[in-house]
Amino acid sequence: MIPISMPLIGAEELDAVKDVFKSGILAQGPRVQEFEELFSHYAGTRYSVAASSGTTALHLALLGCGIGVGDEVITTPFSFVATANSVLYCRGDVVFADIDPETYNIDPEKIEERITDKTKAVIVVHLYGQPCDMDAIVKLCREHDIRLIEDACQAHGAEYKGRKVGSFGDCGVFSFYPTKNMTTGEGGMITTDDRDIAENIRMLREHGSKKKYQHEILGYNYRMTDMAAAIGVVQLKKLDDFNSKRRENARRLDETIAQLDGLIDPHVSSNVRHVFHQYTVRITKKWDTSRDKMASSLTNKGIGTGIYYPIPIHKQPYYEKANEVLKVSEEASKEVLSLPVHPGLSPEEMDYICNALLEL
Ligand SMILES: *Cc1c(COP(=O)(O)O)cnc(C)c1O
């Protein structure tokens, strides 16, 4: 079976973890600090703060931006549920703005329609590895004096007009879950240029303390381990190569999809470097089978597929509000299908996938 995603880890990562074992410092220590410094350098921000997951990093970012009870936060319904959940953790109100039908990213015009006096922040998601329309979004947030958080959990190394994602907002948030463009097992990172936010987030990560056993505010244990950070240091060095392979694989898939009537290939905006966390096609009415049939045909040929995401967040039971219609997201959730694009695919496997698609 060719999996839809697969972590690429090897001897170098293992050696790095062995060194941590020998050091005896297993929890947050010097490797976390090293990873944070390297990550800031890579993302082009002044500060980075490592966390135990992408989800806890999102929670910290929102707390760092001052989101609290009753604050409205505008975000996309077409994402992994963690994006919106982070707002609920702060006891804020999630306000959904619909997406662009071509990029599947949040639509800046829809954001503007949903801004009220209570709007405190916007969380954009660079979905599938493609940056959002950052010029329009940054301008909007400045004009309305709203905080901007970038959920870049699928977009490590992606660029908008030559600048890395995670460096546009008040905070950028990354995940290092094994399916992502780089991994630490579990892990997350917050990037920011704001010293106060960085300091506050560091405190919140450590039970609200700067000095041991002096707790100034209510905080959490959201620390990354030195074992995870050691893996991250090695993975970060490989990230650009991983992403180049993803982009090459995407090009091969593009050539194949172009020959198939009724399938729409991923739209890539001008001015962006898309890092293809997912390669997602859209199955239109012209295609002669359903999406589920297409997925099972591929599974039968030994090719894994994925649906990201089959239920938009506003349709999940604890978010569902009567009469909330977000048409573009709802349609997309019924028509998208992701194909393997990860850097672990061999040229032979890519050939096999492309031939299998042509035979459908
Ligand atoms: C993976 C992901 C997260 C959460 O990251 P975890 O490390 O799994 O907690 C949040 N948002 C998006 C868009 C993601 O893809």
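What counts as what
Residues numbered from 1 in each chain as written. Predicted model: local features only at pLDDT ≥ 70, side-chain atom pairs only at ≥ 80, totals over all residues. Heavy atoms only, no water. Helix = DSSP H or I, 4+ residues; strand = E, 2+ residues; numbered from the N terminus. Near = heavy atom within 4 Å. Polar contact = N/O pair within 3.5 Å; in protein donor to acceptor, adjacent residues only side chain to side chain. Areas by Shrake-Rupley, 256 points an atom, 1.4 Å probe, with all protein chains shown as cover. Nonpolar A, V, L, I, M, F, W, Y, C, P; charged D, E, K, R; others polar. Pairing = 2+ DSSP bridges. Contact = heavy atoms within 4.5 Å. Axes fitted to C-alpha atoms, helices over the stretch in contact; angles between N-to-C directions. Phe/Tyr/Trp six-rings, centres within 6.5 Å; stacked < 30°, edge-to-face > 60°. Buried < 20%, exposed > 50% of the residue type's maximum accessible area, 1.4 Å probe, protein only. Salt bridge = Lys/Arg side-chain N within 4 Å of Asp/Glu carboxyl O. Expected span 1.5 Å × (residues − 1). Arc of directions from axis to C-beta.

A. Structural context of unusual backbone geometry. Cis geometry is found at the peptide bond from tyrosine 308 to tyrosine 309, where omega equals 10 degrees. Examined against the element boundaries, tyrosine 309 turns out to sit in the loop between helix 9 (291–300) and helix 10 (327–335). For arginine 91, which is not glycine, the phi torsion reads 60 degrees and is therefore positive. Relative to the elements of secondary structure, arginine 91 occurs in the loop between helix 4 (82–89) and strand 3 (93–96). One non-glycine residue, asparagine 323, lies in positive phi territory at about 70 degrees.

B. Expanded view of the site of the ligand. In the vicinity of the ligand lie 15 residues, with Gly54, Thr55, Asp151, Ser175 and Lys180 positioned nearest. One of the backbone nitrogen or oxygen atoms of glycine 54 is found 2.8 Å away from an oxygen atom of the ligand. Take glutamine 154: an N or O atom from its side chain is 2.9 Å from an oxygen atom of the ligand. Protein coverage of the free-state accessible area of the ligand, which is 380 Å², stands at 93%. With three residues, helix 3 (residues 54–64) is the single largest residue contributor to the shell around the ligand. Counted by class, the shell around the ligand contains five nonpolar, eight polar and two charged residues.

C. Highlighting the sheet that holds strand 12 (residues 279–283). An order of 10-12-13 is seen for the three strands of this open sheet, with the pairing classed as antiparallel. Of all the strands in the sheet, the pair left with one neighbour each is strand 10 (263–264) and strand 13 (336–339). Strand direction decides the pairing type here: strand 10 and strand 12, joined by two bridges, are antiparallel. Paired with isoleucine 264 across the strands is arginine 282, a residue of strand 12. Against the sheet, helix 9 contacts strand 10, strand 12 and strand 13, and its axis sits at roughly 15 degrees relative to strand 13.

D. Highlighting the packing of aromatic side chains. Scanning the entire structure with this criterion turns up 13 aromatic pairs. Ring geometry for phenylalanine 35 against phenylalanine 176: centres 5.3 Å apart, planes inclined by 50 degrees, an arrangement best described as tilted. Of this pair, phenylalanine 35 sits in helix 2 (residues 30–43) while phenylalanine 176 is found in the loop between strand 8 (171–175) and strand 9 (188–192), placing the two residues 141 residues apart along the sequence. As far as the burial class goes, phenylalanine 35 and phenylalanine 176 line up, both buried. Their ring planes at 75 degrees and their centres at 5.7 Å tell us that tyrosine 104 and tyrosine 128 sit as a pair that is edge-to-face.

E. The pattern of salt bridges, seen in detail. Following the criterion strictly, the structure yields 23 salt bridges and no others. Residue arginine 195 pairs with glutamate 199 through a salt bridge whose shortest N-O separation is 3.9 Å. Taken together, the residues arginine 195 and glutamate 199, both in helix 7 (residues 195–205) and four residues apart, mark about one turn of the helix. On the basis of relative accessible area, arginine 195 is assigned to the exposed category, the value being 51%. Since its relative accessible area comes to 37%, glutamate 199 is described here as partly exposed.

F. Summary view of the sheet that holds strand 11 (residues 272–273). Read across the open sheet, the three strands follow the order 7-6-11; overall the sheet is antiparallel. Pairing within the sheet leaves two strands with one partner each, and these edge strands are strand 7 (163–164) and strand 11.

G. Looking closely at helix 11 (residues 347–359). Along its 13 residues, helix 11 runs 18 Å from first to last C-alpha, staying within 8% of the 18 Å computed at 1.5 Å per residue. Inspection of helix 11 places Met350, Ile353, Cys354, Ala356 and Leu357 among the buried residues, and these make up the whole buried set. What you see down the axis of helix 11 is that its buried residues fit within an arc of 160 degrees, all on one side. Exposed positions of helix 11 whose direction lies more than 90 degrees from the buried face are Pro347, Glu348 and Glu359. Looking at the buried residues of helix 11, the elements they touch are helix 8 (226–257), helix 9 and strand 13.

H. Representation of the environment of alanine 27 within the structure. Here alanine 27 lies in the loop between helix 1 (11–23) and helix 2. A residue is classified by how much of its surface remains accessible, and alanine 27, at 46% relative accessible area, is partly exposed. Counting along the chain gives 100 residues from alanine 27 to leucine 127, while the straight-line C-alpha distance between them is 31 Å. Apart from residues no more than four positions distant in its own chain, alanine 27 is found in contact with Met224, Thr225 and Asp226.

I. Broad picture of the pairing of strand 8. Burial analysis of strand 8 places five of its five residues in the buried class, the great majority of the element. Covered by surrounding structure in strand 8 are Cys171, Val173 and Ser175 together with Gly172 and Phe174, the residues of both alternating faces. Two elements, strand 5 (residues 147–151) and strand 8, share three bridges in a ladder whose sense is parallel. Considered in strand 8, the bridge of aspartate 151 is made with valine 173. Pairing of strand 8 with strand 9 involves four bridges; the strand directions are antiparallel. Note on strand 9: the bridge partner recorded for valine 173 is isoleucine 190.

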